[in-house]
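Observations on the model geometry
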Amino acid sequence: MTPFTLSEPQRHLEAQIRWQPVELAFWLATLLPFVFAPNYLVLASQIAITALFALSLDLILGYAGIVSLGHAAYFGFGSYTAGLIAKWGWGEPLTGLAAAAVAAGVLGYATSFIIARFRHLALIMITLGLGLLLAEAANSAGWLTGGADGLQGVRMWKLFGAFQFDLYGTTAYTYSLTILFLAFLLARRLINSPFGLALRGIRENAVRMPAIGAPSPAHIRKIYTIAAVMAGVAGGLLAQTTETVSLETLGFARSADVLVILILGGAGRLYGGLVGAIIYMVARDQFSGINPQYWYFWIGTLLIAVVLFLPNGVLGGLTRLMRLVRSAA
Amino acid sequence: MIASAFGVLFDGFAYGMLLFLLSVGLSVTLGMMNFVNLAHCSFAMLGGFVTVTLTNDLGWPFLASLPLAFLSAALVSIALERVLYRRLYGASDLAQCLLTIGIVFVSVAVAAYIYGTIQQPVNLPSYLRGSVAIMGQSLGVYRLFLIGVSIVITAVLVAALEFTRFGAQVRAAVDNQRMARGLGIDVDRVFAVTFALGSGLAGLGGALAIEIVGLDHAFAFTYLIYVLIVVAVGGLGSIAGSFVAASLLGISDMAGKYYFPELGAFLIYFVMVALLMWRPLGLFGRR
Amino acid sequence: MNALALATRGLDKSFGSLVVAKDIELKLPQGERYALIGPNGAGKTTLINLMTGMLKPDRGHIFLGEKDITALKPEERVKCGLVRTFQINTLFPHLSALEAVTLTVCERRGYARSWWRKLPAYGDAVEEAHAILVSLRLAASCYRPTRELAYGQQRLLEIALALATKPKVLLLDEPAAGVPQGESAELFSVISDLSRDIAVLFIEHDMNVVFRFAHRIIVMVGGRILVEGTPREIAADVRVRDVYLGGTRHG
Ligand SMILES: Nc1ncnc2c1ncn2[C@@H]1O[C@H](COP(=O)(O)OP(=O)(O)O)[C@@H](O)[C@H]1O
Ligand SMILES: [Mg+2]
């Protein structure tokens, strides 16, 4: 499509969604760890996985305005699916990941019918309840999940039959980053489509949507399922790259963490979850020596500060700062 | 374990009364301002630790520490309401949710810093220990005491709400905030007072809870879930709803633990989700 | 009289003990402009909520043309051609006017489900949205976020969103609410220029505007239709005069 054939309003809309140089720079920078921090590739891989999980939450929370306190359900479900398949003797990564995606997607589609009916407090409670329900179920089904000890005996085959998942995390990071990038491209497409516009409509004013003839529940079911698939893939990646699955993948703490990460980075701006994941995971790695209790003290303080002073997250703050600088110049 | 059905019922009801004390304040304030306060159990935890400190370290009698548990939780909640909560009235539920989760994180960390991560013991006076036989059933004295206290408080609450001027203002504000403002009621002040009272009750509940469910630094998280279940199932702003929901939850949780221990809390969560799907506004919700 | 575009039969609604609609029989013929007037709290907005499906009536039926739409969801009624605007701006604050209207057009054309092609690629929808904004003189600021638009422009955008659904029946809830008197005539000239294929029912308090633009007037008081007639009949009606002179007008 050449810009010459576009009308003025089309060009305006096109300009909003064009790839920016800073985006290219961001993705190039994700390759830097291979060169400058080869000892941190394991961490980098975990960051990529967390970023993918946060991106999936961004699709429902940042774009469609669906607050979820139980998003880890889909992450954990994908994790156990990928882990169990490998444990039962099929260690091929890509098909295992696809299975995690399908499983989480089916769960997401089934629950989306519940989600689409509620808003506000009831929605928060329902997502929380569903998350706890699944975590309890996994805890009770110790014969399947390994219970509190976690799922042991997950052995992955070589990726494409050639690349072993090594201790340094080279394969793991390459693999996770590639999947993250593909998922990001998909999310970016989706957000800039008419469907993406409809999602923003739901976030901006759920009351008006039916009055312009929009079937919000159908849109919500769709994006919720897509987000569940993405969360399941993230969970599957974690299971495959760490070769273990713990109950914690389903827990409330993980749901809360990913919320913190997304809010910290800035919800509803696609890179928010990514930037948030980098900041959060690097900080946690730096402070890994300290008591986890103190970690949560600072996270709590940070949350309060972000809500009060930085309602659009780090990225929103940066955007505002840039605008100030530009208008001052 | 084999327990008589009556014993389970009694223990469950006592447990339910505890949950009622812990949650009634949240129900009323939520109904009034629609403020999603996930930090409600942090106030309960505060009350619990105040009692632990007073009785264990300073040698206060247990009963004398209870009013202070109430007062301290109420006072801290007033301060937080002024400094933090007030800025987010009318903000999105997400913002309220995040702010109050932040408060929970901080409170849990502070509790762990001061008291460590172990279960806190509490010294009950001898007249609250042991059990008595009533009509051939052996009933725990402390549980009887708990039920008594809760019923007295419920009666006082209901009477205050029905028969006092302030109660009428609270009812009006819960019923229709806009109309209440139109009638010249200072809803923000009514809310602040209700919020303090509700948090105080939670603090009292936290103190009374130690003997039944224990107290550690994670209390604010563990019981948040139960409190939310009571509020969601009972319906916002309904004292009767909270009472019924808390009793049901206490009894069914206790019964689940006796008869289906392998299911853990699964049953409770399942019942909650099912109930919410059936009646999103709770059993007694009206809006 | 033309065939009926919209009709209600025995519509009842109460909020607790407060009766806000009682036995409402409303008939709006195709292509006509009707005004719905009545003191504040008479139940006019509630009646629009009932007809568009945002509230469920306790009793009664709603017909769009021949079709009984009582059981349809709000968005399904919009698809059938029954569309409303809101007394209090109910817009998308962070979407630009162009995006909001394009969204509406996309929903109507069935594009809003597609998530693979980019929005600008749907040139027909974007063009149609832009044309609607041009016709309402909103083109100059259509790229700005809605919340930055002047209040009067936001009132126009309310109407633009409704028009983008291609309504057969348009229910306008105080379209000029909050607009200075001078500008409200301009706003109503936009409304009276609408295609005669659209039947319009508008709520308005300014009697000059009502008498100028309405073919017929329905007067509502206390949840009931008091009287219906031509502007001349209504002007002469003693009961209406009692309500307006005796009671509150804008109250
Ligand atoms: N959702 C509601 N719950 C309770 N009362 C309502 C509700 N909506 C409107 N009302 C009441 O119904 C009456 C009619 O309101 P409304 O239809 O908005 O009047 P109008 O548009 O004619 O000014 C008013 O007394 C109003 O307070
Ligand atoms: Mg009105």
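Reading the values: the criteria
Residues numbered from 1 in each chain as written. Chains lettered and ligands numbered in written order. Predicted model: local features only at pLDDT ≥ 70, side-chain atom pairs only at ≥ 80, totals over all residues. Heavy atoms only, no water. Helix = DSSP H or I, 4+ residues; strand = E, 2+ residues; numbered from the N terminus. Rg over C-alpha atoms; globule rule 2.2 N^0.38 Å. Buried < 20%, exposed > 50% of the residue type's maximum accessible area, 1.4 Å probe, protein only. Contact = heavy atoms within 4.5 Å. Areas by Shrake-Rupley, 256 points an atom, 1.4 Å probe, with all protein chains shown as cover. Buried area = accessible area lost by both parts, 1.4 Å probe. Salt bridge = Lys/Arg side-chain N within 4 Å of Asp/Glu carboxyl O. Polar contact = N/O pair within 3.5 Å; in protein donor to acceptor, adjacent residues only side chain to side chain. Pairing = 2+ DSSP bridges. Patch = residues over 30% accessible without salt bridge, like charges linked within 9 Å, V, L, I, M, F, W, Y side chains within 5 Å. Core = buried A, V, L, I, M, F, W, Y, C linked by side-chain atoms within 4.5 Å. Domains from an automatic or database assignment. Near = heavy atom within 4 Å. Nonpolar A, V, L, I, M, F, W, Y, C, P; charged D, E, K, R; others polar. Phe/Tyr/Trp six-rings, centres within 6.5 Å; stacked < 30°, edge-to-face > 60°. Axes fitted to C-alpha atoms, helices over the stretch in contact; angles between N-to-C directions. Parallel < 35°, antiparallel > 145°, perpendicular 65-115°, else oblique. Left-handed = near helix turned anticlockwise from the far one by under 90°.

**Describing the overall build of chain C**
Within chain C, the regular secondary structure consists of nine helices and 11 strands. Taking 18 Å as the expected radius of gyration for a compact globule of 251 residues, we find that chain C reaches 18 Å, a close match to that expectation. In terms of principal-axis extent, the alpha carbons of chain C reach across some 60 × 40 × 35 Å. Going through the 251 residues of chain C one by one, you find that 56% of them count as buried. Across chain C, every contact between residues at least 6 apart in sequence was considered, and the portion connecting residues at least 24 apart equals 66%. For chain C, the exposed area adds up to about 10,800 Å²; of that, 53% sits on carbon and sulfur atoms.

**So, the arrangement of the chains**
Interchain contacts are distributed over two pairs of chains, and the most extensive set of them lies between chains A and C. One finds no contact between chain B and chain C; the C-alpha atoms of the two approach each other to within 10 Å at their closest.

**Looking at the interface of chain C and chain A**
Contacts between chain C and chain A engage 42 residues on the former and 35 residues on the latter. Taken together, both faces of the contact between chain C and chain A bury some 3,500 Å²; the carbon and sulfur share is 66%. Of all residues in chain C, Trp115, Pro120 and Tyr143 of chain C give up the largest surface area on contact with chain A, accounting jointly for 19% of the area buried on that side. Between chain C and chain A we count three salt bridges in total. In this structure, Glu14 of chain A and Lys118 of chain C form a salt bridge, with 3.3 Å as the shortest nitrogen-oxygen distance. Scanning the region where chain C abuts chain A turns up 14 residue pairs in polar contact (both at pLDDT 80 or more). Every element with two or more residues in the side of chain C that touches chain A is listed here: helix H2 (74-80), strand S7 (82-84), helix H3 (97-109), helix H4 (123-135) and helix H5 (151-163) of chain C. Sort the elements by how many residues they give to the side of chain C that touches chain A and H3 of chain C lands first, with seven residues.

**Thoughts on the pairing of strand S5 (residues 59-64) of chain C**
All names here are of chain C. Sheet topology note: the strand S1 (residues 4-15)/S5 ladder contains five bridges and is antiparallel. Residue pairing across strands places Thr8 opposite Ile62, the latter belonging to S5. As paired strands, S5 and strand S6 (residues 67-68) are joined by two bridges and run antiparallel to one another. Pairing of Phe63 across the sheet is with Asp68, part of S6. Taken together, S5 and the strand that follows it, S6, pair antiparallel across an intervening segment of two residues, in which Gly65 is found at a positive phi of about 65°.

**With respect to a nonpolar patch on the surface**
On the surface, Phe287, Ile290, Tyr294 and Trp298 of chain A together with Val110, Tyr113 and Ile114 of chain B cluster together to form a nonpolar patch covering roughly 740 Å² of accessible area. Among the secondary structure elements, those contributing two or more residues to the nonpolar patch are helix H15 (292-309) of chain A together with helix H4 (93-115) of chain B. Ranked by the residues each element gives to the nonpolar patch, the list is headed by H4 of chain B, at three residues. Examined against the element boundaries, Ile290 of chain A turns out to sit in the loop between helix H14 (272-286) and H15. According to the relative accessible area criterion, Ile290 of chain A is partly exposed, its value standing at 33%.

**Looking at the nonpolar core**
Residue and element names in this part refer to chain C. Residues Val101 and Leu157 are the most contacted members of the largest nonpolar core, which totals 269 residues. Taken domain by domain, the makeup of this core includes at least three residues from each of domain 1 (1-81 + 168-251) and domain 2 (87-166). Excluding its chain neighbours within four sequence positions, the residues that come into contact with Val101 are Ala129, Ile132, Leu133, Leu157, Ala160, Leu161 and Ala164. Of all hydrophobic cores here, the second largest spans 26 residues; its members include Ala42, Ile48, Leu171 and Met220.

**Some details on the site of ligand 1**
Residue and element names in this part refer to chain C. Around ligand 1, the surrounding shell consists of Phe15, Leu18, Val20, Asn40, Gly41, Ala42, Gly43, Lys44, Thr45 and Thr46. Gly41 places a main-chain nitrogen or oxygen 2.8 Å from an oxygen atom of ligand 1. Here an oxygen atom of ligand 1 and a side-chain polar atom of Thr45 are 2.7 Å apart. Broken down by secondary-structure element, the contributors of at least two residues to the shell around ligand 1 are strand S2 (18-24) and helix H1 (44-52). For the shell around ligand 1, the element with the most residues is H1, which contributes three residues. Taken together, the residues of the shell around ligand 1 break down into four nonpolar, five polar and one charged.

**Points about the environment of Val122 of chain B**
All names here are of chain B. Among the structural elements, Val122 can be located in the loop between H4 and strand S1 (131-134). Using a relative accessible area of 16% as the deciding quantity, one classes Val122 as buried. Expressed as a C-alpha distance, the spacing of Val122 and Leu208, which sit 86 residues apart in the sequence, is 10.0 Å. If near-sequence neighbours (up to four positions away) are discounted, Val122 is found in contact with Thr51, Thr55, Asn56, Phe62, Ile210 and Glu211.

**Comments concerning the pattern of salt bridges**
Residues and elements named next belong to chain C. For the structure shown, the criterion picks out 23 salt bridges over all chains. The salt bridge partner of Lys13 is Asp58, with a shortest N-O separation of 3.9 Å. Of the two residues, Lys13 sits in strand S1 while Asp58 sits in the loop between H1 and S5, which places them 45 residues apart along the sequence. What makes Lys13 buried here is its relative accessible area of 11%.

**Comments concerning the interface of chain A and chain B**
Listed as interface residues are 37 residues of chain A and, on the opposing side, 42 residues of chain B. Interface area, chain A with chain B, both sides summed: about 3,300 Å², of which 85% is carbon and sulfur. On inspection of chain A and its partner chain B, the count reaches zero salt bridges. Residue assignment for the side of chain A that touches chain B shows that the elements contributing at least two residues are helix H7 (120-140), helix H13 (252-265) and H15 of chain A. Among the elements that line the side of chain A that touches chain B, the one with the most residues is H7 of chain A, at 14 residues.

**Overview of the packing of aromatic side chains**
Applying the stated criterion across every chain yields a total of 36 aromatic pairs over all chains. Look at Tyr85 of chain B and Phe195 of chain B: their rings are 5.0 Å apart centre to centre, the planes differ by 55°, and that puts the pair in the tilted class. Of this pair, Tyr85 of chain B sits in the loop between helix H3 (62-83) and H4 while Phe195 of chain B sits in helix H8 (residues 187-213); the two residues are 110 residues apart in sequence, bridging distant segments of the chain. One exposure class covers both Tyr85 of chain B and Phe195 of chain B, and it is buried. Seen from their ring centres, Trp115 of chain C and Trp116 of chain C are 6.3 Å apart, and the 90° between their planes marks the pair as edge-to-face.

**Side note on the pairing of strand S9 (residues 199-203) of chain C**
All names here are of chain C. The element S9 is extensively covered by neighbouring structure, given that five of its five residues are classed as buried. Both faces of S9 are covered, namely the face carrying Ala199, Leu201 and Ile203 and the face carrying Val200 and Phe202. Note: strand S4 (residues 33-37) against S9, four bridges, orientation parallel. Across the sheet, Leu36 pairs through a bridge with Ile203, a residue of S9.

**Some words on the packing of helix H1 (residues 5-33) of chain B against helix H6 (residues 165-175) of chain B**
In a packed pair of helices, the relevant descriptors are the angle between the two axes and the axis-to-axis distance. All names here are of chain B. Axis separation between H1 and H6 bottoms out at 7 Å; the angle between their running directions is 60°. The angle between H1 and H6 falls in the class oblique. Relative to H6, H1 is oriented so that their crossing is left-handed. On H6, the residues that touch Val28, Gly31 and Met32 of H1 are Val170, Ala173 and Val174.

**A short note on the sheet that holds S7 of chain C**
Residue and element names in this part refer to chain C. The strand order S7-S8-S9-S4-S10-S11 describes an open sheet built from six strands, whose pairing is mixed. Strands at the two margins of the open sheet, each flanked by one partner only, are S7 and strand S11 (224-229). Strand-to-strand twist across the sheet, computed as the mean angle between neighbouring axes with direction ignored, equals 20°. With three bridges connecting them, S7 and strand S8 (residues 169-172) associate as parallel partners. By the bridge assignment, Val83 is partnered in S8 with Leu170.

Read these as layout, nothing more, since geometry by itself doesn't imply function.
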